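Now for the letters of each chain:
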Amino acid sequence: MYHLTDQNIWSGRIDSETVKEMFRLHQVVQVKNLTSFHEKQSDLAIGIIGFKSDEGVRRNQGRAGAYEAPDEIRKSLASLPYRFPDHMNIFDFGNVSCEDMKLEKAQEELGEAVSKLLKLNIFPLIIGGGHEVAYGHFLGVQSHVQSKDKIGIVNIDAHFDMRPYDEMTSSGTMFRQILDQNENCGYFCAGIQKAGNTQYLFDIAKSYGCDYILEEEISNGEIKEEVNKIHQFIDANDHIMLTLCSDVFGNSYAPGVSAPSPFGLSPKTVRYLIKEILSSKKVFSFDIAEINPLLDKTGETVKLAAYIIYEVMYNIAY
Ligand SMILES: N=CN[C@@H](CCC(=O)O)C(=O)O
Ligand SMILES: [Mn+2]
Ligand SMILES: [Mn+2]
């Protein structure tokens, strides 16, 4: 189901009502109805769209609560400083929500929204939701690109999310679904936890030819060498879809996720990876997933998500 964002969500500290250099994001974000929005953008534009769902997490035996994340993350974004070029429009196109456990319907709806944004030359900035958001994100990318184009999916995640899905899809199945459906897709996963995936999943990743870097290799190795592997993957693809599963962060930084990682990456390392990936200029869309405000007792995980989104916006703008 589609809903507009409540304009009151975009509120916060005001330092000036007239001096643009003192503005914060809530003073410039334009809340729009995607259904009636048809203006193709000739300049840089970012379109926030939320995916209110934790049905995939529930099906994957995880801890529900990510449904609440999009609006909570917007509230945290609202007071961050507006330090973007004048010619850049920042739109908020509301939320697609999963109702009555109908995950596939919600993913299709998200896919249509993402595809529409891409057609209007707007960078989709998608706020999940459980990681099942990535499948809806993918549907939108797939319908936008030429069928011969190679779509490279870069997933920054502690998990492969390549579980079997013959009984049902979930937040742990998306990338296997995608690779089974589209032979022009490649998959790279950065941040894999040795203790976060069964041997079966390592074997499946190998059998699908999925490239990955362990968290341990990123933390203990020469990060530039590890990043070179991501660049090689990006070079071999035409379009990159970037997805970030927030359980890739260490649990001291991101306790508010369904499956926390004691050995997870630091925010600075993830920021470095994101900057490197975006520097390719091949990334057309981004999603962040698995933030669970109900488990985020002191709000640091939501705030981390807002800072990561800010970083993505900044790297798109400059
Ligand atoms: N999206 C998360 N997927 C993980 C969850 C692992 C867990 O709950 O421990 C997975 O399915 O492997
Ligand atoms: Mn994960
Ligand atoms: Mn995941």
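Residues numbered from 1 in each chain as written. Chains lettered and ligands numbered in written order. Predicted model: local features only at pLDDT ≥ 70, side-chain atom pairs only at ≥ 80, totals over all residues.

As annotated in an unreviewed UniProt entry, the protein carries the name Formimidoylglutamase and comes from Scopulibacillus cellulosilyticus. The annotation that UniProt attaches to the protein under Catalytic activity (unreviewed entry) is "N-formimidoyl-L-glutamate + H2O = formamide + L-glutamate". What UniProt states about the protein under its Pathway (unreviewed entry) heading is, verbatim, "Amino-acid degradation; L-histidine degradation into L-glutamate; L-glutamate from N-formimidoyl-L-glutamate (hydrolase route): step 1/1." (UniProt positions renumbered as here; feature names shortened; annotations may be inferred.)

1. Brief notes about the pairing of strand β5 (residues 123–128)
Within β5, 6 of the 6 residues are buried, which leaves the element mostly enclosed by the surrounding structure. The side-chain alternation of β5 yields two buried faces, one formed by Phe-123, Leu-125 and Ile-127 and the other by Pro-124, Ile-126 and Gly-128. Relative to β5, strand β3 (residues 45–52) is paired through 6 bridges, and the arrangement is parallel. Bridge assignment links Gly-47 to a residue of β5, and that residue is Pro-124. In the sheet, β5 pairs with strand β10 (residues 283–289) via 3 bridges, with the strands oriented parallel. Bridge pairing in β10 links Ile-127 to Ile-288. (Buried ≥ 20, exposed ≤ 12 C-beta atoms within 10 Å, placed from the backbone. Helix = DSSP H or I, 4+ residues; strand = E, 2+ residues; numbered from the N terminus. Pairing = 2+ DSSP bridges.)

2. What about the UniProt feature "binding site: Mn(2+) 1" (unreviewed entry) in the protein?
Residues annotated in UniProt with the feature "binding site: Mn(2+) 1" (unreviewed entry) correspond here to His-131, Asp-157, Asp-161 and Cys-245. Spanning 115 residues, the named residues nonetheless gather at one spot, since no C-alpha pair among them exceeds 10.1 Å. Structurally, His-131 is set in the loop between β5 and α4 (133–144). In this structure His-131 comes out as buried when scored by C-beta crowding, with 35 C-beta atoms within 10 Å. The contact partners of His-131, leaving out residues within four places of it in the chain, are Gly-56, Asp-161, Ser-171, Met-174, Cys-245, Ala-289 and Glu-290. Along the chain, the position of Asp-157 falls in the loop between β6 (151–156) and α5 (174–181). With residues near it in sequence (within four places) discarded, Asp-157 still touches Cys-189, Gly-191, Cys-245 and Val-248. (Contact = placed C-beta atoms within 7 Å.)

3. Quick look at the confidence of the model for the protein
Mean pLDDT over the protein works out to 98, with 100% of the residues at or above the 70 mark. Reported confidences for the modelled complex are a pTM of 0.98 and an ipTM of 0.97. (pLDDT = per-residue confidence, 0-100.)

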